[in-house]
Amino acid sequence: MRSFKLYFVFAGILTCTILKAQNYQAINGSSYAGSLGVGNNPATIVNVPYAWDITLFSMQMKQATNAIVVKNYSLLSTPTNVKVAVQPGEKNWFAYGTQDIHLFNTRINLSSKSAIAFGANIRNYFYVTGSKAKYLDSTKTLGEFLTLNTGNIPLSAQAINSGWGEFYASYARTVYEDGNKVVNAGITLKVNRGLAGGYGKAQNLTYVRSNTGNEKPLYSLTGGTLEYGYSSNFDSIDSNKTASANSAVFLKRTNGSFSADIGFEYTLLTDEDKELGGDYAYDTKIGVSVMDIGRSKYHYGIRSRTAVAGKAGITDTVIENKFKYTNSFDEFNDSLASIANGISQIQGNFNIYQPTRLMINVDQHITDNFFINAELTIPLAGLALKNSHYVEEMNLLAITPRWEIKSFGAYLPVLINNQKQVWVGGAFKAGPILMGTHNLANLFSNNKIQNGGFYIALTIRPGKLYDKESHRPSEKRSGRFTRSVECPKL
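Residues numbered from 1 in each chain as written. Predicted model: local features only at pLDDT ≥ 70, side-chain atom pairs only at ≥ 80, totals over all residues. Heavy atoms only, no water.

## So, the overall build of the protein
Threshold: Secondary structure elements follow DSSP: runs of H or I no shorter than four residues count as helices, runs of E no shorter than two count as strands, and numbering proceeds from the N terminus. Categorising residues by exposure relies on relative accessible area from a 1.4 Å probe, with only protein chains included: less than 20% of the type maximum marks a residue as buried, more than 50% marks it as exposed, and the intermediate range marks it as partly exposed. For every accessible area listed, the method is Shrake-Rupley and the probe measures 1.4 Å; residues are considered covered only by the protein chains on display.
From N to C terminus, the protein includes seven helices and 25 strands. A burial count over the protein gives 51% of its 490 residues as buried. When the accessible surface of the protein is split by element, carbon and sulfur atoms take 61% of a total near 21,800 Å².

## Considerations on a nonpolar patch on the surface
The criterion, for reference: Each patch is built from residues that are more than 30% exposed by relative accessible area and take part in no salt bridge. Like charges join if they lie within 9 Å; nonpolar side chains (Val, Leu, Ile, Met, Phe, Trp, Tyr) join within 5 Å. Whenever a carboxyl oxygen of Asp or Glu lies within 4 Å of a side-chain nitrogen of Lys or Arg, that contact is scored as a salt bridge.
The grouping of L376, L396, L397, I399, L412, V414, V422 and V424 at the surface amounts to a nonpolar patch, some 570 Å² of accessible area in total. Of all elements in the fold, only β19 (395-404) and β22 (422-424) reach the threshold of two or more residues within the nonpolar patch. Ranked by residue count, the leading element in the nonpolar patch is β19, at three residues. By the secondary structure assignment, V414 is in strand β21 (residues 414-417). Residue V414 is classed as partly exposed on the basis of its relative accessible area of 30%.

## A word on the packing of aromatic side chains
The following threshold applies: Only rings of Phe, Tyr and Trp enter the pairing, Trp through its six-membered ring, and a pair is recorded when the two centres are within 6.5 Å. The plane angle decides the type: under 30 degrees is stacked, over 60 is edge-to-face, the rest tilted. Consider the ring centre and the ring normal. A charge sits over the ring if Lys NZ or Arg CZ is within 6 Å of that centre and within 35 degrees of that normal.
For the structure shown, the criterion picks out 16 aromatic pairs. Geometrically, the ring pair formed by W93 and Y135 is edge-to-face, given 6.5 Å between the ring centres and 65 degrees between the ring planes. Placement of W93 in the loop between β4 (89-91) and β5 (95-111) and of Y135 in strand β7 (residues 133-135) is noted, with a sequence separation of 42 residues between them. Pair check on accessibility: W93 and Y135 agree, each one buried. Summarising the aromatic geometry, the rings of Y199 and F350 are spaced 5.6 Å apart at their centres and angled 70 degrees between planes, so their arrangement reads as edge-to-face. Here the residue Y199 occupies a position in strand β9 (residues 181-209), and F350 occupies one in strand β15 (residues 349-353), the gap between them amounting to 151 residues. Across the pair, F350 and Y199 agree in class, each one buried. Here the aromatic cluster, defined as three or more aromatic residues joined through ring pairs, consists of Y228, Y230, F323, F329 and F332. Across from the ring centre of W93, 4.8 Å away, lies the NZ or CZ of K91, which sits over that ring.

## Some thoughts on the nonpolar core
Condition: Nonpolar cores were defined as sets of buried Ala, Val, Leu, Ile, Met, Phe, Trp, Tyr and Cys residues, with membership established by side-chain atoms within 4.5 Å.
L146, I319, F323, L336 and I339 are the most contacted members of the largest nonpolar core, which totals 18 residues. Those elements that place two or more of their residues in this core are α2 (142-148), β9, β10 (219-230), α4 (316-323) and α5 (329-339). Counting residues in hydrophobic clusters, the runner-up holds 13 residues, among them Y298, F350, A381 and Y390.

## Digging into the pattern of salt bridges
Pairs can form between side chains of opposite charge once their charged atoms are near each other. Evaluation of the coordinates by the stated rule reveals 14 salt bridges. R123 serves as the salt-bridge partner of E166, at 3.4 Å between the closest nitrogen and oxygen. Remark: R123 occurs in strand β6 (residues 114-130) and E166 occurs in strand β8 (residues 155-177); sequence separation between them is 43 residues. Several salt bridges share partner residues, and in doing so they unite R123, E166, K190, D261, D292 and R357 into one network.

## Re the environment of K91
The condition that has to hold: Here, residues are in contact when the closest pair of their heavy atoms is within 4.5 Å. Within 3.5 Å is the distance limit for a polar contact, defined as a pair of N or O atoms, with the added protein rule that one can donate a hydrogen and the other accept it, and that residues adjacent in sequence qualify only through two side-chain atoms.
Structurally, K91 is set in strand β4. Note on K91: relative accessible area 18%, which makes it buried. Distance in space between the C-alpha atoms of K91 and A133 is 5.9 Å, their sequence separation being 42 residues. When near neighbours in sequence (up to four residues on either side) are disregarded, K91 contacts N66, S131, K132 and A133. Polar contacts involving the side chain of K91 include one to the main-chain carbonyl oxygen of N66, which spans 3.0 Å.

## What about the packing of α4 against α5?
Keep this limit in mind: The axes used here are C-alpha line fits, helices contributing only the stretch in contact, and every angle between their N-to-C directions lies in the interval 0 to 180 degrees. In this scheme, roughly parallel covers angles under 35 degrees and roughly antiparallel covers those over 145, while 65 to 115 is roughly perpendicular and the rest are oblique. Handedness of a crossing follows from how the near helix is turned relative to the far one, being left-handed for an anticlockwise turn of less than a right angle and right-handed for a clockwise one. Classes in brief: Ala, Val, Leu, Ile, Met, Phe, Trp, Tyr, Cys and Pro nonpolar; Asp, Glu, Lys and Arg charged; the others, Gly included, polar.
Interhelical geometry of α4 versus α5 gives an angle of 155 degrees and a closest axis separation of 9 Å. In terms of orientation, α4 lies roughly antiparallel with respect to α5. Seen along the crossing, α4 lies across α5 with a hand that is right-handed. Contacts between α4 and α5 involve V318, I319, K322 and F323 from the former and F332, S335, L336, S338 and I339 from the latter. A class-by-class count of the residues in the contact of α4 with α5 yields six nonpolar, two polar and one charged.

## Topic: α5
As a reminder of what qualifies: The directions considered for the arc run from the helix axis to the C-beta atoms.
Among all positions of α5, only F332, N333, S335, L336 and I339 are buried. Buried residues of α5 fall within an arc of 165 degrees about the axis and therefore sit on the same side.

## Structural notes on the pairing of strand β1 (residues 52-65)
On a regular strand, each side chain points to the face opposite its neighbour's, so the side chains alternate between the two faces of the sheet. So the rule is basically this: A pair of strands is considered paired only if DSSP assigns at least 2 bridges between the two.
Direction of pairing for β1 relative to β5: antiparallel, over a ladder of 13 bridges. Paired with K62 across the two strands is T98, which belongs to β5. Where β1 meets strand β25 (residues 452-460), nine bridges bridge the pair, whose relative direction is antiparallel. Paired with F57 across the bridge in β25 is L458.

Following this line, the structure appears as structure tokens:
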């Protein structure tokens, strides 16, 4: 049984999707998004009703999969009796994951028509995609797994992970206004360090039955390729060194790169007069942005390999025996070399492109403090980089009803991801705290935590004296975006 678990993991990497990825969905399109809005569209930082704001800390996690189920756990429970099981079936298995941490993300108005933002983020995306494969609870051996999938030949899959740190600086300004509409444009430039990267891909794996009759089927591996690479800073980890020493060497052996975001925001102003609520003095706001244009750079680790199948006599039984007692990466490579028709080390550098995507966001003012936001995400990396390594954002379409004032807000995002899963999320804002879940089922169900996630942010904002919308009592606001006085020195 132990050997089968090892081979199922190996076969899973080769034949099915196991895992896939900055997302604070509730506040996208909001005038109060402030420094967090730059992660959705850099142009959004101009028309914000504060002279400045600082997100001291935020964290977001999101995942989606049909490969496993996590039982006996929710966001409101304690993990005392958690069980993880593979979900059986014949399907295109998938899972996605994205995580990020924001530190000291700061936005400052330079004037009533321009603003800057800057800060540091740590981000990670991972995914695996593959051809259709079948697995049942009764499957115990590699041979049984191959018997189930004789109709799915050839088998293919790929897995990619990319984690990086980034320092960013954004600038946005109003480029056009005529009293009825406002157009803002923004750009973000980022300096990145590739912290952890890796990939694996298996292509066109084929096998045939090599015995006949009523005896137990025996299968021979006849073709296919396997390639896997990882960042070399993992080679620097030494169990005999302290954690701080390992961390220092790990970070030292990273590579730098650059990336960018660009965006525009068109605002159709309202004709209604309002004495208060100048933050909401618009009918419709449309944002268009292209995010994460760039790549993360890594150097191949010394155990990265490419292998070609087709060696005579390599059956499922041989594979099981070869990997039965494999307990380290070096032992895995040795076992692979013994069954491959050819194997070689991969050297040099490799790039993993960031989740470049086109985002279209429409924010419609309904009445008073109530809005409806719609957002469409179109991945671009896969369209332009078919033969390269890249990660993807899992979002496809989101509709978010929003009730919001300066210090409080309630949000109900409905999200459809690119695997056609539908989640109903929820979030609230109370003073400096924003908390939300991508999928409310994570709170109330004990077997849904594998699909969804959560986010939390701590953002400080100035008092009324430093509000962008502050004005003298004698001034009358027309309901259009009120151009305020220059922000005071901080």
